[in-house]
Amino acid sequence: QVQLLESGGGLVQAGGSLRLSCAASGRTFSSYAMGWFRQAPGKEREFVAGIIRGGGSAYYADSVKGRFTISRDNAKNTVYLQMNSLKPEDTAVYYCAADRDRSVVFTADPKKYDYWGQGTQVTVSS
């Protein structure tokens, strides 16, 4: 069992930056692949970025590639999402999630993730 707590959301102007953090409880954080997802009003939850257990590889949705960077610090039980060049269409609630299935290196399918944080609101004004 792991509990996730996101922070760092807020209101920012288009072109600005935010850094989201997701702190995990427990001593097995390094055994989870981690992902960031977002959900805008009236839309389904969508994959944003993912990182494998050791942190060596990261994956991004096409819509954020080149603007967002996911990273993790297993010593601090924390995963980050650095968001640059933000656009109004990035406005959403952002969630971090943990996948405990060791047989899968990475998945962008939110149904495959076992634990979720409560979310943090990101609003980008034009």
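Residues numbered from 1 in each chain as written. Predicted model: local features only at pLDDT ≥ 70, side-chain atom pairs only at ≥ 80, totals over all residues. Heavy atoms only, no water.

Enquirer: What exactly am I supposed to notice about the layout of surface pockets here?
Expert: If you roll a probe as big as a water molecule over the atoms, it shows you where there is empty space left. Volume-wise, the largest pocket comes out at about 160 Å³. Lining the largest pocket are 13 residues, and of these R38, K43, E46, E89 and D90 sit closest to its centre. Residues belonging to the lining of the largest pocket are distributed by class as follows: two nonpolar, three polar and eight charged. (1 Å grid on protein atoms, 1.4 Å probe; cavity = no way out; pocket = protein on both sides within 12 Å on 5 of 7 lines; lining within 4 Å. Points joined across faces, edges and corners; volume = space filled by probe spheres on them. Nonpolar A, V, L, I, M, F, W, Y, C, P; charged D, E, K, R; others polar.)

Enquirer: Teacher, can you tell me more about the sheet that holds strand β7 (residues 68-73) here?
Expert: In a beta sheet, neighbouring strands pair by backbone hydrogen bonds and run either parallel or antiparallel. Strand order in the open sheet made by the four strands is β1-β3-β8-β7, with antiparallel pairing throughout. Lying at the two open borders of the sheet, with one neighbouring strand each, are β1 (4-7) and β7. With direction set aside, neighbouring strand axes in the sheet form an average angle of 15°. Of the pairings in the sheet, the one linking β7 to strand β8 (residues 78-83) comprises six bridges and is antiparallel in character. Bridge pairing links R72 to V79 in β8. (Pairing = 2+ DSSP bridges. Helix = DSSP H or I, 4+ residues; strand = E, 2+ residues; numbered from the N terminus. Axes fitted to C-alpha atoms, helices over the stretch in contact; angles between N-to-C directions.)

Enquirer: Sorry if this is basic, but what is going on with the side chain of S31 here?
Expert: Relative to the assigned elements, S31 resides in the loop between β3 (18-24) and β4 (33-39). Within polar-contact distance, the side chain of S31 engages the backbone oxygen of T28 at 2.6 Å. The contact partners of S31, leaving out residues within four places of it in the chain, are R53, D99 and R102. (Polar contact = N/O pair within 3.5 Å; in protein donor to acceptor, adjacent residues only side chain to side chain. Contact = heavy atoms within 4.5 Å.)

Enquirer: What should I look at first to understand the environment of G35 in this one?
Expert: For G35, the position within the fold is in strand β4. Considered as a pair, G35 and V48 are 13 residues apart in the sequence and their alpha carbons are 7.5 Å apart. Those residues in contact with G35, other than ones at most four positions away along the chain, are A49, G50, Y95, C96, A97 and Y113.

Enquirer: Mind showing me how you'd approach the packing of aromatic side chains here?
Expert: What the rule picks out here adds up to eight aromatic pairs. A centroid spacing of 5.0 Å and a plane angle of 55° characterise the contact between F37 and W116, whose relative ring orientation is tilted. Here W116 lies in strand β10 (residues 115-116) and F37 lies in strand β4, a separation of 79 residues in the sequence. Summarising the aromatic geometry, the rings of Y95 and W116 are spaced 6.4 Å apart at their centres and angled 80° between planes, so their arrangement reads as edge-to-face. Here Y95 is found in strand β9 (residues 92-99), whereas its partner W116 is found in strand β10, with 21 residues between them in sequence. Relative accessible area serves as the criterion here: at 28%, W116 is assigned to the partly exposed category. Through successive ring pairs, a cluster of aromatic residues spans F37, F47, Y59, Y95, F106, Y113 and W116. The cationic tip of R19 hangs over the ring face of Y80; the distance from NZ or CZ to the ring centre is 4.0 Å. (Phe/Tyr/Trp six-rings, centres within 6.5 Å; stacked < 30°, edge-to-face > 60°. Buried < 20%, exposed > 50% of the residue type's maximum accessible area, 1.4 Å probe, protein only. Lys NZ or Arg CZ within 6 Å of the ring centre and 35° of its normal.)

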